[in-house]
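This is what each chain is made of:
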Amino acid sequence: MSKGILLVLSGPSGSGKGTILDAYKKDHPVYFSVSNTTRSPRPGEIDGVHYHFITREAFEEKIASGGMLEYAEYCGNMYGTPRDKVEEQTEKGVNVMLDIETVGAANVKKACPEAVLCFVVPPSMEVLRHRLTRRGTEDEETVNKRLTQALTEIERIGQYDYVVINDDLDKAVADFADIVATAQLAASGKSLTAEEEAHLSELKEKSAALKAAVKKEFLL
Ligand code: 5GP
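Everything quoted here is computed from the prediction, not taken from an experiment. (Residues numbered from 1 in each chain as written. Predicted model: local features only at pLDDT ≥ 70, side-chain atom pairs only at ≥ 80, totals over all residues. Heavy atoms only, no water.)

*Asks:* Outline the environment of Gln 149, supporting the account with residue identities and numerical values.
*Replies:* By the element assignment, Gln 149 lies in helix α6 (residues 140-154). Through-space distance from the C-alpha of Gln 149 to that of Tyr 74 is 9.9 Å; in sequence the pair is 75 residues apart. (Helix = DSSP H or I, 4+ residues; strand = E, 2+ residues; numbered from the N terminus.)

Laid out in structure tokens, this is it:
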């Protein structure tokens, strides 16, 4: 039995990565890693389901004992992936997904070079701004902070293997599912058919073209 793949999904606030993951999980067997965090639960969040909410001391102890596959600080709080569950599930042949920010994603790639890194972006600057403002509950300063944070994350798009543009949700979920299936096939060690090889190259080329387009749209 081949090992499960480790899939990292990142994307700025407003990219819709959470919605893509939720839709994907409905139809595909996957283990979704529950992170440790030092931030407080938001209304409706359940300990052990959305996060393991732990103290900074407990977080530091886990780092010291090697229990964290990766960790990073984000907006003043610590977030980290528990190592044991990820290893246990991939060993069992189950695909594991991490929803983490860009610094943690780079650390996963260092620790596990075979991990597949995927980045979700909104289709345009206009849509990003619209998604960040649509709740209408934040003042302009907060919206601008979230926008700056989003752009900082988009600047790190180069480290990702694949890019998904979230314009139409169904299409984005289908693109993501295609990437996971193709990456899994490539990681299986089986020899690929000419058609499978061609599809893998096509996905890589498409992502390279999308990275260039995203840089032009958001960063220049
Ligand atoms: P939130 O506080 O909104 O739930 O998450 C803030 C950011 O932290 C999101 O970009 C989320 O993907 C990221 N995050 C969640 N868990 C982890 C983790 O275990 N490690 C890292 N590096 N980032 C995480």
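*Asks:* Please provide a residue-by-residue account of the UniProt feature "binding site: ATP" (unreviewed entry) in the protein, values included.
*Replies:* Feature annotation in UniProt places "binding site: ATP" (unreviewed entry) on Gly 11, Pro 12, Ser 13, Gly 14, Ser 15, Gly 16, Lys 17 and Gly 18, given in this structure's numbering. Of note, Gly 11 is situated in the loop between β1 (6-10) and α1 (17-27). In this structure Gly 11 comes out as buried when scored by relative accessible area, which is 4%. In this structure Gly 11 touches Lys 17, Phe 119, Val 120 and Glu 153, once residues within four positions along its chain are discounted. Within the secondary structure, Lys 17 is located in helix α1. The buried category is assigned to Lys 17, whose relative accessible area is 16%. Residues in contact with Lys 17, not counting those within four places in the same chain, are Leu 9, Ser 10, Gly 11, Asp 99, Ile 100 and Val 120. (UniProt positions renumbered as here; feature names shortened; annotations may be inferred. Buried < 20%, exposed > 50% of the residue type's maximum accessible area, 1.4 Å probe, protein only. Contact = heavy atoms within 4.5 Å.)

*Asks:* Break down the site of the ligand for me, with residues and values.
*Replies:* Inspection of the region around the ligand gives 15 residues, with Ser 35, Arg 39, Tyr 51, Tyr 79 and Glu 101 positioned closest. Lys 17 is positioned such that a nitrogen or oxygen atom in its side chain is 2.8 Å from an oxygen atom of the ligand. Protein burial of the ligand: of its 520 Å² of free accessible surface, 88% is covered by the chains. The class makeup of the residues in the shell around the ligand is five nonpolar, four polar and six charged. (Near = heavy atom within 4 Å. Polar contact = N/O pair within 3.5 Å; in protein donor to acceptor, adjacent residues only side chain to side chain. Areas by Shrake-Rupley, 256 points an atom, 1.4 Å probe, with all protein chains shown as cover. Nonpolar A, V, L, I, M, F, W, Y, C, P; charged D, E, K, R; others polar.)

*Asks:* Tell me about unusual backbone geometry, residues and numbers included.
*Replies:* For Cys 75, which is not glycine, the phi torsion reads 50 degrees and is therefore positive. The exposure class of Cys 75 is exposed, given its relative accessible area of 62%.

*Asks:* Could you give an account of the sheet that holds strand β2 (residues 31-32), naming the residues involved and the relevant values?
*Replies:* One open sheet holds the five strands; their spatial order is β2-β7-β1-β8-β9, and the pairing between them is parallel. Unpaired on one side and paired on the other, β2 and β9 (162-165) mark the two borders of the sheet. Across four bridges, the pairing between β1 and strand β7 (residues 96-99) is parallel. Considered in β7, the bridge of Leu 7 is made with Met 97. Of the strands in this sheet, β1, β2 and β7 are in contact with helix α3 (residues 83-91), which crosses β7 at around 150 degrees. Packing of helix α7 (residues 169-187) onto the sheet brings it into contact with β1, β7, β8 (116-121) and β9, and relative to β9 it is tilted by some 165 degrees. (Pairing = 2+ DSSP bridges. Axes fitted to C-alpha atoms, helices over the stretch in contact; angles between N-to-C directions.)

*Asks:* Quick rundown of the side chain of Thr 90? Include the residues and the values.
*Replies:* Following the sequence through the fold, Thr 90 ends up in helix α3. For Thr 90, a relative accessible area of 8% puts it in the buried group. Setting aside its immediate chain neighbours within four residues, Thr 90 contacts Lys 3, Gly 4, Ile 5 and Val 96.

*Asks:* Can you tell me about the nonpolar core, naming the residues and giving the values?
*Replies:* Soluble globular proteins tend to bury their nonpolar side chains together. Among the nonpolar cores identified, the biggest contains 26 residues, and Leu 6, Val 8, Leu 98, Val 108, Leu 128 and Ile 154 are the most heavily contacted of them. At the level of secondary structure, the elements contributing two or more residues to this core comprise β1, β7, α4 (102-111), β8, α5 (125-133), α6 and α8 (194-219). The greatest single-element share of this core, amounting to four residues, is contributed by α6. Not counting residues within four places of it along the chain, the set of residues in contact with Val 8 comprises Leu 98, Ile 100, Ala 105, Val 108, Val 116, Leu 117 and Cys 118. Core analysis: the second largest hydrophobic core is formed by 21 residues, Leu 7, Ile 20, Val 164 and Val 173 among them. (Core = buried A, V, L, I, M, F, W, Y, C linked by side-chain atoms within 4.5 Å.)

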